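Here is how the chains run, residue by residue.
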Amino acid sequence: MTWNTNEPSTALRVLAVDDEKPALDELVYLLSAQGGVGQIHRAGEATAALRLLRAHPIDAVFLDIDMPGLTGMELAGILSEFAEPPAVVFVTAHDDHAVAAFDLGAVDYLLKPLRTERLAEAVRRIMAARAAAPAVAVAEPAHPSEVIPVELGGVTTLVNRADVAWVEADGDYARLHTGTGSHLVRIPLSALESRWEDAGFLRVHRSYLVALRLVTGLRSAGTGTVVCLRAEGAAGAVELPVSRRQVRELKQRLVHGPRQNWSQR
């Protein structure tokens, strides 16, 4: 959900993240009253926050720490790996994580219940840091590698898209195959197909999505075609079926596709 305060383009684009709705509502309300804040996005947990960060330009993230799944600290760690990381301000009821927060490069650490003047100070710090940052000429926008949280037995594992060689449909789920194993995620293959197309992945079969950068060739197999992948780790070489209607598309992408634009981060 997005709150647009109709501020000028110089205003901050922020993301508020908190798993407790009353606290999130209050944070969004207080942010909307800040003169330097423009568009406000909101998320109730870290995975939704990552989706918003992929879909929208965000200047600053106001982030709770104690959340189910990925904690605020874990999310901040992911953000610090972005090519252009947003400023991070922790908003929490706990005062014992401040040192770790600043180790992660947090701009500020606000305690609940929020005080308007402290929130205003955090916004001023972000604006000052933004104004002091040198302008950098970028040939094309940077797209950080997507990180997929995988839950198994109460443990959250972070899988980088750049480590995925191919994805296999498994009912309403998808299985991510990497050089170190496979991971089942509650995401349909069709959703990953649309989300990862610009990152160099192609749906070659109703059951398979492959990383084009790892394709080593095609070969005939009986009456059909298989694609050969260079899979890192113990898996070695992998061959997957290609549907007839996708053979031409795959060949075109391999021959004419701009490999230098495929995200390998």
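Residues numbered from 1 in each chain as written. Predicted model: local features only at pLDDT ≥ 70, side-chain atom pairs only at ≥ 80, totals over all residues. Heavy atoms only, no water.

Trainee: Could you give me a rundown of the overall build of the protein, with the residues and numbers involved?
Mentor: Looking only at helices and strands, the protein features seven helices and 16 strands. When each of the 265 residues of the protein is scored for burial, the buried share is 45%. Counted over contacts in the protein with a minimum sequence separation of 6, partners at least 24 positions apart contribute 53%. (Helix = DSSP H or I, 4+ residues; strand = E, 2+ residues; numbered from the N terminus. Buried < 20%, exposed > 50% of the residue type's maximum accessible area, 1.4 Å probe, protein only. Contact = heavy atoms within 4.5 Å.)

Trainee: Describe the confidence of the model for the protein, naming the residues involved and giving the relevant values.
Mentor: Taken as a whole, the protein shows an average pLDDT of 84; of its residues, 85% reach a score of 70 or greater. For the protein, per-element mean pLDDT is lowest for strand E1 (residues 2-4), which scores 54, and highest for strand E4 (residues 60-63), which scores 97. In this model, residues 258-265 is a region of pLDDT below 50 whose contacts with residues beyond four sequence positions or in other chains number 23 contacts. (pLDDT = per-residue confidence, 0-100.)

Trainee: Would you mind going over helix H3 (residues 72-79) in detail, with residue names and values included?
Mentor: Taken across its eight residues, H3 has six buried, putting it largely inside the fold. Looking only at H3, the buried set comprises Gly72, Met73, Leu75, Ala76, Ile78 and Leu79. The secondary structure elements touched by the buried residues of H3 are helix H2 (46-55), E4, strand E5 (87-92), helix H4 (98-103), strand E7 (147-152) and strand E8 (155-160).

Trainee: A description of the sheet that holds strand E12 (residues 201-205) should follow, citing residues and the corresponding values.
Mentor: If you walk across this open sheet you meet the five strands as E11-E10-E9-E13-E12, and the pairing is antiparallel. Each end of this open sheet is capped by a strand with a single partner; those strands are strand E11 (181-185) and E12. The sheet shows a mean angle of 25° between the axes of neighbouring strands, direction not considered. The pairing of strand E10 (residues 173-178) with E11 spans five bridges and is classified as antiparallel. Bridge assignment links Leu176 to a residue of E11, and that residue is His183. (Pairing = 2+ DSSP bridges. Axes fitted to C-alpha atoms, helices over the stretch in contact; angles between N-to-C directions.)

Trainee: Mind laying out the pattern of salt bridges, listing which residues take part and the relevant values?
Mentor: Tallying each qualifying case throughout the model produces 14 salt bridges. Here Arg13 and Asp59 are joined by a salt bridge, their closest N and O atoms 3.0 Å apart. One end of the pair, Arg13, is in strand E2 (residues 12-17); the other, Asp59, is in the loop between H2 and E4, and 46 residues separate them in sequence. You can call Asp59 buried: its relative accessible area is 16%. Here Asp170 ties to Arg175 by a salt bridge, and the two come within 3.7 Å at their closest N and O atoms. Residue classification places Asp170 among the partly exposed residues on the basis of a relative accessible area of 35%. One network of salt bridges, in which partners are shared, links Asp108, Arg118, Glu121, Arg124 and Arg125. (Salt bridge = Lys/Arg side-chain N within 4 Å of Asp/Glu carboxyl O.)

Trainee: Break down the environment of Leu53 for me, with residues and values.
Mentor: Here Leu53 shows up in helix H2. Under the relative-accessibility criterion, Leu53 is labelled buried at 11%. In contact with Leu53, other than residues within four places in its own chain, are Leu15, Ile58, Val61, Leu79, Phe82 and Pro86.

Trainee: Quick one: what's the story with the sheet that holds strand E14 (residues 215-221), residue by residue and with numbers?
Mentor: By way of backbone hydrogen bonds, the strands of a sheet pair with one another, either parallel or antiparallel. Ordered by their spatial adjacency, three strands build an open sheet running E14-E15-E16, and the pairing between neighbours is antiparallel. Of all the strands in the sheet, just E14 and strand E16 (237-242) have a single pairing partner and so form its edges. Direction aside, neighbouring strands of the sheet carry axes that sit 30° apart on average. As judged from the six bridges shared by E14 and strand E15 (residues 224-230), these two strands associate in the antiparallel manner. Considered in E15, the bridge of Leu218 is made with Val227.

Trainee: Account for the nonpolar core, with residues named and values stated.
Mentor: Counting 34 residues, the largest nonpolar core has Trp166, Val167, Leu176, Trp196 and Val210 as the members making the most contacts within it. By size, the runner-up hydrophobic cluster in this structure holds 27 residues, among which are Leu50, Leu63, Phe82 and Phe90. (Core = buried A, V, L, I, M, F, W, Y, C linked by side-chain atoms within 4.5 Å.)

Trainee: Please set out the packing of H2 against H3 residue by residue, giving values where relevant.
Mentor: Interhelical geometry of H2 versus H3 gives an angle of 25° and a closest axis separation of 10 Å. In this view, H2 runs roughly parallel relative to H3, as classed from their interaxial angle. Like other packed secondary-structure pairs, H2 and H3 cross with a definite hand, here right-handed. In this structure, H2 uses Ala46, Ala49, Leu50 and Leu53 to contact H3, whose residues at the interface are Leu75, Ile78 and Leu79. Its residues placed into classes, the contact of H2 with H3 shows seven nonpolar, no polar and no charged. (Parallel < 35°, antiparallel > 145°, perpendicular 65-115°, else oblique. Left-handed = near helix turned anticlockwise from the far one by under 90°. Nonpolar A, V, L, I, M, F, W, Y, C, P; charged D, E, K, R; others polar.)

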